[in-house]
Amino acid sequence: MKNLFLKRLFTLGLLLATVAAYGQTNVFDDVIATSPVHTHLTAALEATGLDDALRNDDAEFTVFAPDDNAIDALAEELELTTAELLELEGLADLILYHALGTTVLSGDINNGDIVTPLNTANTLKLTATSGGSIFVNQAQVNGADLTADNGVVHSVDGF
């Protein structure tokens, strides 16, 4: 009897471990934070508290994620260090300008689409070229359709 109980307990433990291994993924933990080219964005999301929002299983996101080179270039253009850029008061607004409250895969983008990001102060123009390139405003998507259960990330080379 004791062996049967231990066997069932072991089986239940394996089942729970399997369920945990296949749990919900999210655009922050499973795409952005694990990317070797989005370390600055990861730091910015953590500094603004937006990392928690991107973990929300009940939400859907499309994040046009500026890579580290894009963030470094913006800092240089603004005559700031990258660390100073990541401490700007309006950083959350800047990040929210790069996110949509729905999932948009690259194949869903039509040339000339105008979309409203979570920061609604302005819109984003999406361009899909006949050669298959995707642009968000003037930034080119250099890594498309990085998916998670709560959305998708498109890495971009600019702001």
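Refer to the preceding data block for the structure.
The structure displayed is predicted, hence computed values, not measured ones.

By the definition in use, this model includes two cavities of 30 Å³ or more. Its volume calculated, the largest cavity comes out at about 90 Å³. Lining of the largest cavity is provided by 13 residues; of these, Leu41, Ile71, Leu91, Ile95 and Phe159 occupy positions nearest its centre. Contributing elements (two or more residues each) for the lining of the largest cavity: helix 3 (39-48), strand 1 (61-66), helix 5 (68-77) and helix 7 (91-96).

Before going further, it helps to examine the sheet that holds strand 7 (residues 151-156). Spatial ordering of the open sheet is given by 2-1-7-6-5-4-3, a layout of seven strands whose pairing is mixed. The sheet is open, and its two borders are formed by strand 2 (99-100) and strand 3 (113-115), each paired with just one other strand.

Right, let's talk about the pattern of salt bridges for a bit. With the rule as written, the count across this model stands at three salt bridges. When the shortest N-O distance is used, the salt bridge between Asp51 and Arg55 registers 3.0 Å. Classification of Arg55 by relative accessible area gives partly exposed; the value is 27%. Salt bridges here are not isolated pairs; linked through shared partners, they connect Asp29, Asp51, Asp52 and Arg55.

The next point concerns the side chain of Thr42. Its place among the elements puts Thr42 in helix 3. Apart from residues no more than four positions distant in its own chain, Thr42 is found in contact with Phe28, Ile32 and Ala33.

The grouping of Asp30, Asp57, Asp58 and Asp149 at the surface amounts to a negative patch. Look at Asp30 and you get partly exposed, because its relative accessible area is 37%.

Now for the packing of helix 3 against helix 5. Axis separation between helix 3 and helix 5 bottoms out at 7 Å; the angle between their running directions is 70°. The angle between helix 3 and helix 5 falls in the class roughly perpendicular. For the pair formed by helix 3 and helix 5, the contact residues are Thr39, His40 and Leu41 on the first element and Asp68, Ile71 and Asp72 on the second. Considering only residue class, the contact of helix 3 with helix 5 consists of two nonpolar, two polar and two charged.

About the cut-offs
Residues numbered from 1 in each chain as written. Predicted model: local features only at pLDDT ≥ 70, side-chain atom pairs only at ≥ 80, totals over all residues. Heavy atoms only, no water. 1 Å grid on protein atoms, 1.4 Å probe; cavity = no way out; pocket = protein on both sides within 12 Å on 5 of 7 lines; lining within 4 Å. Points joined across faces, edges and corners; volume = space filled by probe spheres on them. Helix = DSSP H or I, 4+ residues; strand = E, 2+ residues; numbered from the N terminus. Pairing = 2+ DSSP bridges. Salt bridge = Lys/Arg side-chain N within 4 Å of Asp/Glu carboxyl O. Buried < 20%, exposed > 50% of the residue type's maximum accessible area, 1.4 Å probe, protein only. Contact = heavy atoms within 4.5 Å. Patch = residues over 30% accessible without salt bridge, like charges linked within 9 Å, V, L, I, M, F, W, Y side chains within 5 Å. Areas by Shrake-Rupley, 256 points an atom, 1.4 Å probe, with all protein chains shown as cover. Lys, Arg positive; Asp, Glu negative; His and termini not counted. Charge placed at Lys NZ, Arg CZ, Asp CG, Glu CD. Axes fitted to C-alpha atoms, helices over the stretch in contact; angles between N-to-C directions. Parallel < 35°, antiparallel > 145°, perpendicular 65-115°, else oblique. Nonpolar A, V, L, I, M, F, W, Y, C, P; charged D, E, K, R; others polar.

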